[in-house]
Amino acid sequence: MEDKKLIKTNSEDEGFLDLALRPTTFEEYVGQEKAKKNLAVLIGAAKKRKEPLEHILIHGPSGLGKTTLAYIISRQMNSSLRITSGAALEKAGDLGSILTGLNEGDFLFIDEVHRLNKLVEETLYPAMENYNLDIIIGKGNSAKTLQIQLPKFTLIAATTRISLLSNPFRSRFGVNFKLDFYQQKEIEKIISRSASLLNVKTEPEALSVIAAASRFTPRIANKLLKRSRDFAQHHNKEIITADSARQALEMLEIDHLGLEGTDKRILTTIANNFNGGPVGLKTIAAAIAEEEATIEDVYEPYLMQIGFLARTTRGRVITEEGAKHLGLKFSKSAQGSLI
Ligand SMILES: Nc1ncnc2c1ncn2[C@@H]1O[C@H](COP(=O)(O)OP(=O)(O)O)[C@@H](O)[C@H]1O
Ligand SMILES: [Mg+2]
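Source: prediction; values computed, not measured.

Description of the domain arrangement of the protein
Inference 1: Segmenting the protein into domains produces domain 1 (32-178), domain 2 (184-251) and domain 3 (261-334).
Inference 2: The centre of domain 2, based on its C-alpha atoms, is set 29 Å off from the matching centre of domain 3.

A few points about helix α12 (residues 261-273)
Inference 1: Look at α12: 17 Å from first C-alpha to last across 13 residues, which is about the 18 Å you get at 1.5 Å a residue.
Inference 2: All buried positions along α12 are accounted for by Thr262, Asp263, Ile266, Leu267, Thr269, Ile270 and Ala271.
Inference 3: Against the buried residues of α12 lie α13 (281-288), α14 (292-305), β10 (309-312), β11 (315-318) and α15 (320-326).
Inference 4: Where α12 terminates, the next one or two residues include Asn275, which has phi positive at roughly 50 degrees.

Re the site of ligand 1
Inference 1: Not every one of the 19 residues close to ligand 1 is listed here, only the nearest: Arg22, Gly63, Lys66, Thr67 and Thr68.
Inference 2: Contacts to ligand 1 include Leu21, whose backbone N or O atom sits 3.4 Å from an oxygen atom.
Inference 3: Lys66 is positioned such that a nitrogen or oxygen atom in its backbone is 2.8 Å from an oxygen atom of ligand 1.
Inference 4: Isolated, ligand 1 exposes 560 Å² of accessible area, and the fraction of that covered by the protein chains is 97%.
Inference 5: Broken down by secondary-structure element, the contributors of at least two residues to the shell around ligand 1 are α2 (12-21), α4 (66-76) and α10 (218-234).
Inference 6: Tallied by class, residues from the shell around ligand 1 come to eight nonpolar, six polar and five charged.
Inference 7: Here the shell around ligand 1 spans two domains, and each of domain 1 (32-178) and domain 2 (184-251) adds at least three residues to it.

A few points about the packing of helix α5 (residues 92-100) against helix α6 (residues 118-130)
Inference 1: Where α5 contacts α6, the two axes come as close as 8 Å, and the packing angle between them is 30 degrees. Handedness of the crossing formed by α5 with α6: right-handed. Between α5 and α6, the contacting residues are Ala92, Leu95 and Leu99 on the first element and Val120, Thr123, Leu124 and Ala127 on the second.
Inference 2: Residues that form the contact of α5 with α6 fall into these classes: six nonpolar, one polar and no charged.

Quick word on the pairing of strand β4 (residues 132-137)
Inference 1: Bridging between β4 and strand β5 (residues 144-149) involves six bridges; their strand directions are antiparallel. Looking across to β5, one finds that Asp134 is bridged to Gln147.
Inference 2: Between the end of β4 and the start of β5, which pair antiparallel, lie six residues, with Gly138 showing a positive phi angle near 85 degrees.

Observations regarding the confidence of the model for the protein
The predicted coordinates of low-pLDDT regions are not to be read in fine detail.
Inference 1: On average, residues of the protein carry a pLDDT of 90, and 92% of them reach 70 or more.
Inference 2: Ranking the elements of the protein by mean pLDDT puts helix α1 (residues 2-8) last with 36 and strand β6 (residues 154-159) first with 98.
Inference 3: Taken as a whole, residues 1-12 scores under 50 in pLDDT and shows 22 contacts with residues more than four places along the chain or in a different chain.

Regarding the pattern of salt bridges
Inference 1: With the rule as written, the count across this model stands at 18 salt bridges.
Inference 2: Among the ionic pairs, Glu121 bridges to Lys118, the shortest N-O distance being 3.3 Å. Placement of both Glu121 and Lys118 in helix α6 is noted, with a separation of three residues, approximately one turn of the helix.
Inference 3: Taking relative accessible area as the criterion, Glu121 reaches 7% and is therefore assigned buried.
Inference 4: For Lys118, a relative accessible area of 45% gives the class partly exposed.
Inference 5: Among the ionic pairs, Asp180 bridges to Lys178, the shortest N-O distance being 2.9 Å.
Inference 6: For Asp180, a relative accessible area of 39% gives the class partly exposed.
Inference 7: Bridged by salt links that share partners, the residues Arg161, Glu296, Asp297, Glu300, Arg311 and Arg316 form one connected network.

Some words on the packing of α10 against helix α11 (residues 242-251)
Geometry of a packed helix pair, given as the angle between the helix axes and the separation of the axes.
Inference 1: Packing of α10 against α11 brings their axes to within 8 Å, and their N-to-C directions diverge by 110 degrees. Classified by the angle their axes make, α10 and α11 are roughly perpendicular. Residue-level inspection shows Leu224, Arg227, Ser228, Phe231 and Ala232 of α10 in contact with α11, the latter providing Ser244, Ala245, Gln247, Ala248, Leu249 and Met251.
Inference 2: Of the residues belonging to the contact of α10 with α11, the class tally is seven nonpolar, three polar and one charged.

Regarding the nonpolar core
Inference 1: In terms of nonpolar packing, the biggest core is built from 69 residues, with Leu53, Ile56 and Ile73 touching the most fellow members.
Inference 2: Those residues in contact with Ile73 that sit more than four places away from it in its chain are Phe26, Leu39, Ile43, Leu53, Ile56, Phe107 and Ile156.
Inference 3: Within the second largest apolar cluster, 25 residues are counted, among which are Leu95, Met128, Tyr131 and Leu133.

So, how was this worked out
- Residues numbered from 1 in each chain as written.
- Chains lettered and ligands numbered in written order.
- Predicted model: local features only at pLDDT ≥ 70, side-chain atom pairs only at ≥ 80, totals over all residues.
- Heavy atoms only, no water.
- Domains from an automatic or database assignment.
- Helix = DSSP H or I, 4+ residues; strand = E, 2+ residues; numbered from the N terminus.
- Expected span 1.5 Å × (residues − 1).
- Buried < 20%, exposed > 50% of the residue type's maximum accessible area, 1.4 Å probe, protein only.
- Contact = heavy atoms within 4.5 Å.
- Near = heavy atom within 4 Å.
- Polar contact = N/O pair within 3.5 Å; in protein donor to acceptor, adjacent residues only side chain to side chain.
- Areas by Shrake-Rupley, 256 points an atom, 1.4 Å probe, with all protein chains shown as cover.
- Nonpolar A, V, L, I, M, F, W, Y, C, P; charged D, E, K, R; others polar.
- Axes fitted to C-alpha atoms, helices over the stretch in contact; angles between N-to-C directions.
- Left-handed = near helix turned anticlockwise from the far one by under 90°.
- Pairing = 2+ DSSP bridges.
- pLDDT = per-residue confidence, 0-100.
- Salt bridge = Lys/Arg side-chain N within 4 Å of Asp/Glu carboxyl O.
- Parallel < 35°, antiparallel > 145°, perpendicular 65-115°, else oblique.
- Core = buried A, V, L, I, M, F, W, Y, C linked by side-chain atoms within 4.5 Å.

Structure follows, in structure tokens:
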């Protein structure tokens, strides 16, 4: 149980691992070629003009490299990165004190930016547009607005839930990048680099076993690599073999495609209790006692990526491939007409 949680939550252990394995240059940052190419142009041009970068929005599922990218961008611009998160900025004043503490050219990184409350979000608008901060002093009739000129900074915002951002907010970013799930080969490259940083040898086939179970997500891939290393070391093996990787996965109750208990419960519930769907997210959440947001953010993106689950206007459906993988049966003819 605890092991499984470690993969998805930000435990101290994971934080440490993330830091040790985090790429620091675009060369080390594997994949996401489109984003990297656009960023290279953006950074090159801004450097020539000696101006700060435009504000950048990065979205995509957890563990795909949003925070890492923010660090690399600030490094390329030889500037520092201040980090906060949408949930941490409760009051306009919290944002104000961070913004006034920035230096010209600095980066402000707001993680999980969809969690910003409206008031803070609106304080951010003039700051993003004209580097102005409006502060209201006093209350009622005697209230006055004081305008402070901020240093020219760049906001990098990251979110797993782009759909929750308002249009006015979205439109204030100069660029908007979506990070995609990685390819099998890219993940193999990432864990191969991680293995050498961790000073552990791997069989080529072990890399492919781990990559296939990584949900095409670097953070999970690194975590699985570490678990496989522990497993191999525990059995006094110098090298991670495909076999020890498979056994480590088995211990973690993760199958060869990276599915774990909750994924299976989601798919099984749709197939068995709702005849393959469509069924609403709320209903699934209640049936398996899991939070809607967790299902939507953590499980569904990958299940959709591998074509096991589909979202329709009337709810979620399991696909034939999904049912086949789990050996589930449901009456296809009685399933909603959308697949
Ligand atoms: N493109 C990449 N190349 C190599 N490693 C990566 C890449 N993207 C992410 N990682 C690894 O995965 C970990 C998680 O990435 P992170 O940037 O924290 O993801 P996010 O912020 O999107 O949740 C990083 O510490 C790094 O080790
Ligand atoms: Mg992050």
